[in-house]
Amino acid sequence: MSGPSPHTAAMSSPISPPPYLDDDQVERLTELLEQRAVPFRGFNLEALDGFLSALAVSPSLVPPDEWQPLVWGGKAPTWTDEDEAAQVQTLLMGHWNMCVARVRQDGDDLPDHLAPLMWLPEDPDLTGEDAVQEDALDVGRDWALGFFAGATLREAEWDQWLDGNDWIEEVFELLDQLASGEALNPEDPTAPATALGYRDRLGIVLGLPAMLADLNHHRVESLTPRTPIRRDAVPGRNAACPCGSGRKYKKCCGLAGAGT
């Protein structure tokens, strides 16, 4: 698809945010969120990544002045000065650009710098006396909660997608497993849910880029105008036949159409 998407064009800013955040910028944004957002029921970095990912594949545009206050818990903080405010805006929109670039990629070939931002233990020990408790490794929980917070901003439109596409409902079910930590028995939905283990969580997390790519393809297709098929006007049955015979259409060329 050539040219900027409606999302990117509407999100442009005079601050010229980066196309993605480098390690130092990720660390700085993490600090700001922990200090100025999390204490006020705003997002941590992982939840923000899920939130912006939902907006990047949203059925319709959610402008910055609608979503940015939610990052901080409903009301943007008062920043120290204009420079700090500009820095925060640059970081937020750089993160947004990263999420938009991520969903446009083939999920199986995602560059490392566009990977979802979430905490993963480097080498969790799941065996032996010193094993990390699996239920403590809630990998992807905050990311999924952030995604659902973003989807809520266009809930009615998402519901239409869910009603018409079983595969999108399956994506939401997987995200719900990350958020709730439980998995329903597909063979017996009335059976008690089972706890979602670390390996199960990791499997869902590794599939997130492909899910986002599929959702973005669906978004683009839904925004693509469909050219209606034009059909030549058919004369009325009692109108003069356009072939010039002088007879009525139903007694001339209309007979051929009636016989097909």
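Note that the structure is predicted; figures quoted are calculated from it, not measured. In this numbering scheme, every chain counts its residues from 1 along its sequence in written order. Owing to the predicted nature of the model, reporting of local features is limited to residues with pLDDT of at least 70; listing and counting of side-chain atom pairs is limited to 80 or more, with chain, interface and lining totals taken over all residues. Heavy atoms throughout the structure, all of them, feed into the side-chain values; hydrogens and water do not.

This brings us to unusual backbone geometry. Look at Arg 41: it is not a glycine, yet its phi comes out positive at around 65 degrees. Starting at the N terminus, helices and strands are each numbered in turn, a helix being any DSSP run of H or I of at least four residues and a strand any DSSP run of E of at least two. On the secondary structure map, Arg 41 appears in the loop between α2 (23-36) and α3 (45-56).

Buried Ala, Val, Leu, Ile, Met, Phe, Trp, Tyr and Cys residues form a nonpolar core when they are joined through side-chain atoms within 4.5 Å. Relative accessibility decides the category of a residue: with a 1.4 Å probe and only protein chains considered, values under 20% of the type maximum give buried, values over 50% give exposed, and everything between is partly exposed. Ranked by size, the top nonpolar core spans 58 residues in total, and within it Leu 48, Val 71, Phe 147 and Trp 158 carry the most contacts. Looking at which element gives the most residues to this core, the answer is helix α5 (residues 82-104), with nine residues. Any two residues having at least one pair of non-hydrogen atoms within 4.5 Å are treated as being in contact. Beyond its immediate stretch of four places on either side in the chain, Val 71 contacts Leu 33, Ala 37, Gly 42, Phe 43, Leu 48, Phe 51 and Leu 92.

Time to look at a negative patch on the surface. Candidates for patches are residues over 30% relative accessible area with no salt bridge; among them, like charges are joined within 9 Å and nonpolar side chains (Val, Leu, Ile, Met, Phe, Trp, Tyr) within 5 Å. Where accessible areas are quoted, they stem from the Shrake-Rupley method and a 1.4 Å probe; at the residue level, only the protein chains shown are allowed to cover. One speaks of a salt bridge when a side-chain nitrogen belonging to Lys or Arg is within 4 Å of a carboxyl oxygen belonging to Asp or Glu. Only four residue types enter the tally: Lys and Arg on the positive side, Asp and Glu on the negative side, with His and both chain ends excluded. Here the site of a charge means atom NZ of a Lys, CZ of an Arg, CG of an Asp or CD of a Glu. A cluster of acidic residues, Glu 155, Asp 159, Asp 163, Asp 166, Glu 169, Glu 170, Glu 173, Asp 176 and Glu 182, forms a negative patch at the surface. Of all elements in the fold, only α7 (155-164) and α8 (166-180) reach the threshold of two or more residues within the negative patch. Here the negative patch gets five residues from one element, more than from any other, and that element is α8. Here Glu 182 is to be found in strand β1 (residues 182-183).

Note that Gln 89 resides in helix α5. On the accessibility criterion, Gln 89 (21% relative accessible area) is partly exposed. It is 9.8 Å that separates the C-alpha atoms of Gln 89 and Ser 16, two residues lying 73 residues apart in sequence.

Attention now moves to the side chain of Arg 201. Turning to its location among the elements, Arg 201 is positioned in helix α9 (residues 198-206). The buried charged residue Arg 201 lacks any salt bridge partner; its closest oppositely charged side chain belongs to Asp 138, at an N-O distance of 6.0 Å. Among residues more than four places away in sequence, those in contact with Arg 201 are Leu 137, Asp 138, Val 139, Gly 140, Arg 141, Gln 177, Leu 178, Gly 181 and Leu 196.

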